[in-house]
Amino acid sequence: MNKVTLAAMERHALAQYPKESCGLLIREGRKQRYIPCRNIATTPSEHFRLSPEDYVAAEECGEVLAVVHSHPDYPATASEADRASCEASGLPWHIIEVRKGDDGQVRKGELVSITPSGYQTPLIGRAFVHGVHDCLSIVLDYYRREMGIELGDYQREDGWWDKGDNLYLDNLPAAGFEQISQLQQGDIVLMQIRSPVPNHAAIYLADGVLRTEPQHFPAPGSILHHLYGRDSKRDTYGGYWGEVTVSCWRHQSRMSALTYRP
């Protein structure tokens, strides 16, 4: 990365404070260039979501080499969500620290770079970041890691349940799921929590065990889920969770498996 490109990244980070800046490093011919992009996250001072339209526009200019964003008033150390998103992007990430000093001036700090290395965020105890680590992410990661079933990924806007979308019911059948009446290990429990549509999903754990995270004690009859604004965890299924359940779903590849009653 040359000095001109680095200076452009830093200027953008300073100009966007107290919001997180985001942009792309591209190669045009033999030159590198930083392209500022729009942060369309609903909480831009805490997270970033790079505009898909800006990404496409950058690709039309040249080869995308890296993702760049800032950490306002926070160290440039990569967060759990940064590391997971870096893996998903398959690109290096550059993170710039920007801070406001006691004199009111905003200054650049450390620059930290990370690259895809096979990192996987734990299923239990991950911090919530909508669109990166949320209840849908838990479902996708559980099926990928525990069952070897790839369900793909789905772009979603924060608060989609109040904006006319029906993410789960629109996509579960197309992803190979069928509605069932008796639960077994790995089934999806769909819930409706203060929403006009089902907006929360959990994984039913009949034996309470995560094969890929054997350090956790067994919790039979529990659900693995990630509530909005909280860390992911297991909870005993029943009570409130049973009351807000609207349907249960099983992947078609597992329709002949032994069932359990919750």
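Small disclaimer: the values here were computed from a predicted structure and weren't measured. (Residues numbered from 1 in each chain as written. Predicted model: local features only at pLDDT ≥ 70, side-chain atom pairs only at ≥ 80, totals over all residues. Heavy atoms only, no water.)

> How would you explain the sheet that holds strand 2 (residues 31-37) if you had to name every residue and give the values?
The strand order across the open sheet formed by five strands is 2-1-3-4-5, and the pairing between neighbours is mixed. Because the sheet does not close on itself, it has two edges, and the strands there are strand 2 and strand 5 (106-114). Each strand axis lies, on average, 25 degrees off the axis of its neighbour in the sheet, ignoring direction. With seven bridges joining them, strand 4 (residues 93-100) and strand 5 adopt antiparallel strand pairing. Across the sheet, the residue bridging to Trp93 is Ile114, located in strand 5. (Pairing = 2+ DSSP bridges. Helix = DSSP H or I, 4+ residues; strand = E, 2+ residues; numbered from the N terminus. Axes fitted to C-alpha atoms, helices over the stretch in contact; angles between N-to-C directions.)

> Before we move on, could you go through the sheet that holds strand 7 (residues 188-191) and cite the residues and values that matter?
As summarised here, the arrangement of the six strands in space is 6-11-7-8-9-10, forming an open sheet in which the pairing is antiparallel. Edge positions in the sheet fall to strand 6 (177-180) and strand 10 (233-236), since each of these pairs with one other strand and no more. Pairwise comparison of adjacent strand axes, ignoring direction, gives a mean angle of 35 degrees for this sheet. Pairing analysis gives four bridges linking strand 9 (residues 222-225) to strand 10, with the strands arranged antiparallel. Within the sheet, the bridge partner assigned to His225 lies in strand 10 and is Lys233. Its contacts with the sheet put helix 4 (residues 135-146) on strand 6, strand 7, strand 8 (200-205), strand 9 and strand 11 (245-251), and the angle it makes with strand 8 is roughly 35 degrees. (Contact = heavy atoms within 4.5 Å.)

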